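What the coordinates show
Chain residues, written in single-letter form:
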Amino acid sequence: MNKMICFFKKTLPFFMTIFLWRLSVSWWNPAGILALIPVFYYTFVRPVDWFVLFGGLICFLIDYRCGLPLFWTCLFILFYAVNGFQNYIDTTHMENNAWYLFMFFIGFGMLILMFSGLNILGFVNNLWLFMWLTVLYIPITAIDKWVKK
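Before going into details, it helps to say that this report is about the structure given with it. The structure displayed is predicted, hence computed values, not measured ones.

Counting its regular elements, the protein contains 6 helices and 0 strands. For the protein, the sequential pattern of α-helices and β-strands runs α-α-α-α-α-α. Over its C-alpha atoms the protein spans a radius of gyration of 15 Å, differing by no more than 12% from the 15 Å that the globule rule assigns to 149 residues. When its C-alpha atoms are laid out on the principal axes, the protein stretches across 55 × 35 × 25 Å. Taking all 149 residues of the protein together, 40% fall into the buried category. Accessible surface for the protein amounts to roughly 9,200 Å². Of this, 74% is attributable to carbon and sulfur atoms.

Time to look at the environment of G117. With respect to the secondary-structure elements, G117 resides in the loop between α5 (99-116) and α6 (120-148). On the basis of relative accessibility, which here comes to 36%, the residue G117 falls in the partly exposed class. Distance from G117 to I106, taken between C-alpha atoms, is 17 Å for residues 11 residues apart in sequence.

Looking now at unusual backbone geometry. The phi torsion at A31 lies on the positive side, around 60°, for a residue other than glycine. Locating A31 in the fold gives a position in the loop between α1 (2-22) and α2 (36-45). Non-glycine residue N96 carries a positive phi angle of around 60°. Following the sequence through the fold, N96 ends up in the loop between α4 (71-85) and α5.

Quick notes on the rules
- Residues numbered from 1 in each chain as written.
- Predicted model: local features only at pLDDT ≥ 70, side-chain atom pairs only at ≥ 80, totals over all residues.
- Heavy atoms only, no water.
- Helix = DSSP H or I, 4+ residues; strand = E, 2+ residues; numbered from the N terminus.
- Rg over C-alpha atoms; globule rule 2.2 N^0.38 Å.
- Buried < 20%, exposed > 50% of the residue type's maximum accessible area, 1.4 Å probe, protein only.
- Areas by Shrake-Rupley, 256 points an atom, 1.4 Å probe, with all protein chains shown as cover.

Here it is, written out as structure tokens:
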């Protein structure tokens, strides 16, 4: 039983990400974009072995479903590179599970997407996705803390 619990704890990040990516609904989770929450969390806040490569693959799959040519993948790689070269911000010890940094990551991407096609529907959609992702970041990361106990 102990081995099964250990296996579940180690595979939770991967299964959660795949579940959120597959749970694609046009308004609530377009193209599986909610999978960016565990990708960000398990790459920057609570690093998991081999998750960076998996996160890059999931970002690529989100781009493929959205019809964006490597947008989220390049943004993820850019943030990973910036995080690797800096020494001032320790994301593993930030309060609120680095919620503000996640808001910056998503907000920066949504801002670029908003200016790529200036129309009111795109603005409202990006604003909705930003708010939805930042609100759902707290309970999804709380699930990880609950499982780790």
